[in-house]
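Report on the structure
Here is what each chain is made of, one letter per residue.
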Amino acid sequence: MSTNGGDSLFPKPQPQQSGIKTVLQYTGIPPSWLDKRPKVPSRNWLIFLSVTSAITGYYFYDRKQCKNIRQEYVDKVKHLSKVPLHSMDLPRKVTVYGSKWPADEDYDRSLKYFRKYIKPILVSAAVDYEMINGRRHGDLAERVSNDIKKLRRLEAGIDPPPMNVMNLPTITPEAKRKRQLEGGIILVGRATFKEYMAGLTRGWTEGLEVVDKEEQLARVLESDGHFDEPDVELDKNLSFGDDEPIPTASKLAPSKSFSPFVSPLLQTPSSPTQTSSSPSNSSSIPSDLNTPPATLPPHPPILLVSFTNLIGLTYIPHMIWDFFNERHKVRAGAEAAYSIIVGQTRPMIGNSSESAPAFAGEIPTVTEPTPAHAFQTDVTASPTDLDFDKEAESYYKSSLVKSFLSDLEKARESYYADLKKKLETARALARGTRDPSKEEKNYPPPTEVELRAERMKKELRWRGDESGWKIIRPEAATAWDDRFNGVLNVYTRPSAEREADFQAEAQAILEREKSREQEAEHN
């Protein structure tokens, strides 16, 4: 490149830099970053930032409201935790029942709902709790029924009271019963409510005989023929000499069914009348004690808590709605806990026509919000408490409702089809009619006794699931007995007068505690 002799090149003067930029250029920051000027984001960035900030803001707003709602109800009841308790007294204790939601392998989902939304308020009020859960359908009904029968046997004098071996000071049965009545019962979900009512009805209706379910089922399975051998002629050369290690029933002529769960005395041939008799010999209980009572003793009040468990791809929009609206569940759980702490009750309305008109206008229950109804605490459409939370049954998986019993039957048929081959293998190896294969030596197949025990377990589970499903299925009505009228009560939302009295009591307790603290400081 050529230049004229008289021309000279001078560098362009740089603009004067600010003090901050002059300092930052020595820190290693690229100069291009220091010369950046803010500009409006592109359209795509604006859409992304707007959506992200809106979703994030709504999430944090919902969680902040959850904290505020929970703290509001904690402040209402925390004064009860400041009431002094005698060293020999026990705090109030409520019993919480939960059951398995259909088609959910997580059987304690209802109790997780209790621990997350109801428990914090109870803990703030120093209210103790005991959780009872059914792992399979029908377990809760069976437990409630057995507990009531045990209570009836104790009161009738059939069973002796529990012994105090260590001779420690314990509460009397009367004080224990009084504590149960003052505590209350919490039922989470409609399935739990149905099972509890079925167990309650069964416990106050059936006899007091103690029935061994395994022994009773063993009697039923004796004649089903699955473990009978085919009618074959015995080999004349078959020896039962000293070389026979264990004489088994399989070496005899067509065997009668054998059960390891029935004692040898019960396996002897017996008359039909002896076979049909109860294992516990019901004649040992006088008829006047074995007859269900005409009137029932007082029962603890019941708190009905709605619960819906969303399962399946079709409910993903509802799950998203629930995730961003936790505050409704928090409020519903807090109000449920507040209702049982305040303790205002009303009679439960059943099928009887005597009690329905008196309270048909108002049946307040604590209902969990769903996308269809954001929050609801008063259900006035139903004239009876037996229809409590019935809309939750519409969230059951439709495929399960249609094929629950048929699936059980298919599983039973498939098991018995495989059982025949396993039984032939077990008997052949036990008799020595063939040598075990290499795989059978490494992994011995189950013996006949093990197969019988396995069949007993499976039959117990199948029959339990079948009876439990008949209780909770949507078509089944909730169990009810007319003797429950006037005995069963439910917690309701406190009235304005009752809430005013409760707050006045809280204020008095706080003032008394404050004066006590001031006296302690002066001393």
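The residue numbering used here restarts from 1 in each chain and proceeds along that chain's sequence as written. In view of the model being predicted, local features appear only for residues whose pLDDT reaches at least 70, and side-chain atom pairs are presented and counted only at 80 or more, with totals across whole chains, interfaces and linings using the full set of residues. Neither water nor hydrogens contribute to the side-chain values; these are computed over all heavy atoms in the structure.

**As for the packing of helix 4 (residues 109-117) against helix 14 (residues 326-342)**
Using the following cut-off: Note on geometry: axes are lines fitted to C-alpha atoms, helical ones only across the stretch in contact, with angles between N-to-C directions running from 0 to 180 degrees. Going along the chain from the N terminus, every DSSP run of H or I of four or more residues is numbered as a helix, and every run of E of two or more is numbered as a strand. Here the angle decides the label: under 35 degrees means roughly parallel, over 145 means roughly antiparallel, 65 to 115 means roughly perpendicular, and every other value means oblique. When checking whether two residues touch, look at their non-hydrogen atoms; a contact exists if any pair is within 4.5 Å. Each residue gets one label: Ala, Val, Leu, Ile, Met, Phe, Trp, Tyr, Cys and Pro are nonpolar, Asp, Glu, Lys and Arg are charged, and the others, such as Gly, are polar.
Relative orientation of the contacting elements helix 4 and helix 14 amounts to 85°, with a least axis distance of 9 Å. With respect to their mutual orientation, helix 4 and helix 14 come out roughly perpendicular. For the pair helix 4 and helix 14, the contacting residues are Y113, K116 and Y117 in the first and E326, K329, V330, A332, G333 and A334 in the second. Within the contact of helix 4 with helix 14, the residues separate by chemical class into five nonpolar, one polar and three charged.

**Here we look at the nonpolar core**
The condition is simple: Take the buried residues of types Ala, Val, Leu, Ile, Met, Phe, Trp, Tyr and Cys, join any two whose side-chain atoms come within 4.5 Å, and each joined set is a nonpolar core. For the exposure calls, accessible area comes from a 1.4 Å probe over protein chains only, and a residue counts as buried if that area is under 20% of its type's maximum, exposed if over 50%, partly exposed in between.
In terms of nonpolar packing, the biggest core is built from 56 residues, with I121, L122, I186, I340 and I341 touching the most fellow members. Among the elements that make up this core, the one with the highest residue count is helix 14 (nine residues). Core analysis: the second largest hydrophobic core is formed by 23 residues, L187, Y196, M348 and F388 among them.

**Quick word on the packing of aromatic side chains**
Selection criterion: Between rings of Phe, Tyr and Trp, where Trp is taken as its six-membered ring, a pair exists when centres lie within 6.5 Å; planes separated by under 30 degrees are stacked, by over 60 edge-to-face, and by other angles tilted. Note on criteria: charge over ring means Lys NZ or Arg CZ within 6 Å of the ring centre, with the direction from the centre no more than 35 degrees off the ring normal.
Tallied over the full model, the rule gives 19 aromatic pairs. Ring geometry for Y73 and Y338: centres 5.8 Å apart, planes at 70°, overall edge-to-face. Here Y73 is found in helix 3 (residues 43-77), whereas its partner Y338 is found in helix 14, with 265 residues between them in sequence. Since its relative accessible area comes to 5%, Y73 is described here as buried. When the ring of Y338 is compared with that of F502, the centres are 5.8 Å apart and the planes differ by 85°; the resulting orientation is edge-to-face. Remark: F502 occurs in helix 19 (residues 496-522) and Y338 occurs in helix 14; sequence separation between them is 164 residues. There is no split in this pair, since Y338 and F502 are both buried. By the ring-pair criterion, three or more aromatic residues cluster together here, those being Y58, Y59, F60, F323 and F324. The cationic tip of R63 hangs over the ring face of F323; the distance from NZ or CZ to the ring centre is 5.1 Å. Between the NZ or CZ atom of K76 and the centre of the ring of Y73, over which it lies, the distance is 4.6 Å.

**Quick word on the confidence of the model for the chain**
Put simply, the rule is: Values of pLDDT, the confidence the predictor places in each residue, fall between 0 and 100.
On average, residues of the chain carry a pLDDT of 81, and 79% of them reach 70 or more. Counting interchain partners and residues more than four positions distant, the pLDDT-below-50 stretch residues 240-282 has 46 contacts. pLDDT under 50 marks residues 353-381. Its contacts with residues more than four places away, or in other chains, come to 63 contacts.

**A closer look at unusual backbone geometry**
At A103, a position not held by glycine, the phi torsion is positive, near 75°. Take A103: it is sitting in the loop between strand 1 (93-98) and helix 4.

**Focus: helix 14**
Selection rule: In this analysis, the expected span of each helix is defined as 1.5 Å times one less than the number of residues it contains.
Here helix 14 is 17 residues long and its end C-alpha atoms lie 24 Å apart, about the 24 Å a rise of 1.5 Å per residue gives. G343 sits one or two residues past helix 14 and shows a positive phi near 90°.

**Concerning the pairing of strand 1**
Strand residues, when the strand is regular, have side chains that alternate between the two faces of the sheet. Under the convention used in this document: Pairing between two strands is assigned when DSSP locates at least 2 bridges connecting them.
Summarising burial for strand 1: five of the six residues are buried, a large majority. Bridge count between strand 1 and strand 2 (residues 128-133): six bridges; the pairing is parallel. Within the sheet, the bridge partner assigned to T95 lies in strand 2 and is E130. Where strand 1 and strand 3 (residues 185-188) come together, three bridges link them in parallel fashion. If you follow T95 over to strand 3, its bridge partner there is I185.

**Looking at the environment of E195**
Put simply, the rule reads: Contacts described as polar in this section are N or O atom pairs within 3.5 Å, which, within protein, must combine one atom able to donate a hydrogen with one able to accept it, while residues neighboring in sequence count only if both atoms come from side chains.
Structurally, E195 can be placed in helix 8 (residues 190-205). Classification of E195 by relative accessible area gives buried; the value is 0%. A sequence separation of 54 residues divides E195 from A141, and the C-alpha atoms of the two residues are 4.7 Å apart. Looking at E195, its side chain comes within polar contact range of the main-chain nitrogen of A141, at 3.2 Å.

**Digging into the environment of F484**
Summarising the element assignment, F484 is placed in the loop between helix 18 (448-472) and strand 8 (489-491). The exposure class assigned to F484 is buried, which follows from its relative accessible area of 1%. The spacing of F484 and H299 is 185 residues in sequence and 9.2 Å in space, taken between C-alpha atoms. Non-local contacts of F484, meaning those with residues more than four positions away in its chain, are made with M197, L200, T201, W204 and L296.

**Section: the pattern of salt bridges**
Put simply, the rule is: For this analysis, a salt bridge means a side-chain nitrogen from Lys or Arg found within 4 Å of a carboxyl oxygen belonging to Asp or Glu.
Throughout the structure, instances matching the rule amount to 31 salt bridges. Where E335 meets R493, a salt bridge forms, and the shortest distance between an N and an O atom there is 2.9 Å. Remark: R493 occurs in the loop between strand 8 and helix 19 and E335 occurs in helix 14; sequence separation between them is 158 residues. Close ionic contact of E440 with R434 constitutes a salt bridge, the shortest N to O distance being 2.9 Å. One continuous salt-bridge network, built from bridges that share partners, spans D104, D106, R109 and K112.

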